[in-house]
Amino acid sequence: MELFDSLKQKITGKNKTIVFPEGEDPRVLGAASRLAADGLIKVIVLGNQADVETTATNHAIDLAPITLIDPATIPADQHKEMLDALVARRKGKNTPEQAAKMLEDPNYIGTMMVYMGQADGMVSGAVHATGDTVRPALQIIKTKEGVRRISGAFIMQKGDERYVFADCAINIELDAAGMAEVAVESAQTAKVFDIDPKVALLSFSTKGSAKGDMVTKVQEATKIAHETAPDLPVDGELQFDAAFVPSVAAQKAPGSKVAGHANVFVFPELQSGNIGYKIAQRFGGFEAIGPILQGLNKPVSDLSRGCNEEDVYKVAIITAAESIK
Ligand SMILES: CC(C)(COP(=O)(O)OP(=O)(O)OC[C@H]1O[C@@H](n2cnc3c(N)ncnc32)[C@H](O)[C@@H]1OP(=O)(O)O)[C@@H](O)C(=O)NCCC(=O)NCCS
Ligand SMILES: CC(=O)OP(=O)(O)O
C-alpha cells in the first residue's frame, strides 16, 4: 500500500485534532481545509479573523470545515488558564510577565493547546523560521523519556526510493553521543515509514581515509550507536558514495554490512544535513517530507518555509499518525 494511503487509514475515524498557528497563509489554510473536508482530522486554525477570511476569499478556500480561533478574542478565563499552565510548566524559568508575552506568539498558543490536550499535534513553520517554530515545543512539550536531544529527520522519496536523512533541522552541532542518538532515533523513524533501516554515519572520510577531530567524532558516534543498539545495522565513518554505491563501497569499505546499501543517512552536523537534503530535493528531484521531529513527548511538526500546500497536507497526516500510540 502507498505510504500515505496507510497513514490515512491509520488516522481515519480517530478524530485527531491538529492545530495550525499560521492560518493567514494560503498554503496552510488550503491544506487545513482539505484535511478537514476529507474527514482525516479535526482542524483548529489560529489567525486574525479578518486576515484569514481575506486569504480564504482570495484563494477560494472553504472555511466551513475549520475551527478558526482568533488569538485576540480568546476569552479571558481561557487565556488565564493557559497562562497559569505555562508558568507552572516553565517552573521558574519564565516570569508570568514573560509567559504572557510568549502567549502573544501563535506558536506558543498552539504548543500550549497540544500540551493541555486541546489538540493532538501542531503543524507550523510555513511562515516562521525553524527556531521560532520548535522552541516552544522544546520548552513545553520536552523530550520523551530516554531521549536527550530532539532532532529533525526528512523522509526523502522518489518513485520506489525512500530514505531517511537526519539531523537536517535542529541541532547545530552534536557531540559523538548526540550523533549516535540521532542514528538510533532515525532508525526508529525509518521503521514507521516501512524502511528496514541500514544506518550510515556520514563524513568526508571512509574508514580512516582522512584524519581529524571531525572524523574522530563520527568514528566515536558509530561505536556508541553499536553499543546502544547492537542489533541495528549501522556503520561509519562513511562518505556518501561509500554509503550508497555498492561498487564504491566494495573499494572503500569492503566487508561492511551497511556500506553500499544504506538507507538512513546521519549527517555530522547541521550545515551538511540541511544543505544535503535541499540538494537531494532541488537537484535530485526527491520529495522531502518533514522535518519530522524525533524524540518529542507529543507531536509538533515543523515545515520548510519553501513548502507547498501538499507538503502541509502530508506533514499534518504524519503528525496525526504520530499522535496514535
Ligand atoms: C533549535 C534551536 C532554536 C534551539 O535554540 P535556543 O532556543 O537558542 O536553545 P536554548 O539553548 O536557548 O534552549 C531553549 C530550550 O530548548 C531546549 N533545547 C534546545 N535544543 C534542544 C534539543 N535539541 N532537544 C531538546 N531540547 C532542546 C533547552 O534545553 C532549553 O530548555 P529550557 O528553556 O527548558 O531550559 C537552535 O538550536 C536552532 O536555531 N537550531 C537550528 C534551527 C534551524 O535554523 N534549522 C535549519 C532550518 S530547518
Ligand atoms: C527545514 C528547513 O530548512 O526549513 P526552512 O527552509 O524554513 O529554513
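The coordinates are above.
Residues numbered from 1 in each chain as written. Chains lettered and ligands numbered in written order. Predicted model: local features only at pLDDT ≥ 70, side-chain atom pairs only at ≥ 80, totals over all residues. Heavy atoms only, no water.

(A) Focus on the site of ligand 2. All residues in the neighbourhood of ligand 2 are listed as Thr130, Phe154, Asn274, Tyr277, Lys278, Pro291, Ser304 and Arg305. Asn274 is positioned such that a nitrogen or oxygen atom in its side chain is 3.0 Å from an oxygen atom of ligand 2. At 2.7 Å from an oxygen atom of ligand 2 is found a side-chain nitrogen or oxygen belonging to Ser304. Relative to its free-state accessible area of 260 Å², ligand 2 is covered by the protein chains to the extent of 88%. A total of three residues in the shell around ligand 2 trace back to one element, the largest contributor, which is helix 12 (residues 270–282). (Near = heavy atom within 4 Å. Polar contact = N/O pair within 3.5 Å; in protein donor to acceptor, adjacent residues only side chain to side chain. Areas by Shrake-Rupley, 256 points an atom, 1.4 Å probe, with all protein chains shown as cover. Helix = DSSP H or I, 4+ residues; strand = E, 2+ residues; numbered from the N terminus.)

(B) Molecular detail of the sheet that holds strand 3 (residues 67–69). Sheet architecture is open: five strands sit in the order 3-2-1-4-11, paired in parallel fashion. Either end of the sheet is taken by a strand with one partner, and the two such strands are strand 3 and strand 11 (300–302). Each adjacent strand pair in this sheet contributes to an overall mean axis angle of 20°, direction not counted. Of the strand pairs in this sheet, strand 1 (residues 17–20) and strand 2 (residues 42–46) are connected by four bridges, and their pairing is parallel. Note that in strand 2 the partner of Val19 across the bridge is Ile44. The sheet strands contacting helix 2 (residues 26–37) are strand 1 and strand 2, and the helix crosses strand 2 at an angle near 155°. Along the sheet, helix 7 (residues 130–141) contacts strand 4 (121–124) and strand 11; its crossing angle with strand 11, the most-contacted strand, is approximately 160°. (Pairing = 2+ DSSP bridges. Axes fitted to C-alpha atoms, helices over the stretch in contact; angles between N-to-C directions. Contact = heavy atoms within 4.5 Å.)

(C) Representation of the packing of helix 4 (residues 76–90) against helix 6 (residues 106–115). For the pair helix 4 and helix 6, interaxial distance at closest approach is 11 Å and the crossing angle is 80°. When the axis of helix 4 is compared with that of helix 6, the two are roughly perpendicular. Only Ile109, Met112, Met113 and Tyr115 of helix 6 make contact with helix 4, whose side of the interface consists of Met82, Ala85, Leu86 and Arg89. Looking at the contact of helix 4 with helix 6 residue by residue, the class counts come to seven nonpolar, no polar and one charged. (Parallel < 35°, antiparallel > 145°, perpendicular 65-115°, else oblique. Nonpolar A, V, L, I, M, F, W, Y, C, P; charged D, E, K, R; others polar.)

(D) Representation of the environment of Lys211. Residue position: Lys211 is located in the loop between strand 7 (199–202) and helix 9 (213–228). A polar atom in the side chain of Lys211 sits 3.3 Å from the backbone oxygen of Gly208.

(E) Structural detail: unusual backbone geometry. Of the consecutive residues Gly236 and Glu237, the connecting peptide bond is found in the cis state with omega at -15°. In this structure, Glu237 sits in strand 8 (residues 234–238). In this structure, Ala60 is a non-glycine residue whose phi angle is positive, near 50°. Mapped onto the elements, Ala60 comes out in the loop between helix 3 (49–58) and strand 3. We classify Ala60 as exposed; its relative accessible area is 74%. Of note in the backbone geometry, Asp194 takes a positive phi value of approximately 60° without being a glycine. Position of Asp194 among the secondary structure elements: in the loop between helix 8 (176–192) and strand 7. For Asp194, a relative accessible area of 58% corresponds to the exposed category. (Buried < 20%, exposed > 50% of the residue type's maximum accessible area, 1.4 Å probe, protein only.)

(F) Structural context of the site of ligand 1. Neighbouring ligand 1 are 18 residues; Arg90, Lys93, Arg135, Ala169 and Asn171 lie closest to it. Between ligand 1 and Lys93, the relevant distance is 2.8 Å, taken from an oxygen atom to a side-chain nitrogen or oxygen of the residue. Within the side chain of Asn171, a nitrogen or oxygen atom sits 2.8 Å from a nitrogen atom of ligand 1. For ligand 1, whose accessible area on its own is 940 Å², the fraction buried by protein is 64%. The set of elements that each furnish at least two residues to the shell around ligand 1 consists of helix 7 and helix 12. Examining the composition of the shell around ligand 1, we find that six residues originate from one element, helix 7, more than from any other. Residues belonging to the shell around ligand 1 are distributed by class as follows: seven nonpolar, six polar and five charged.

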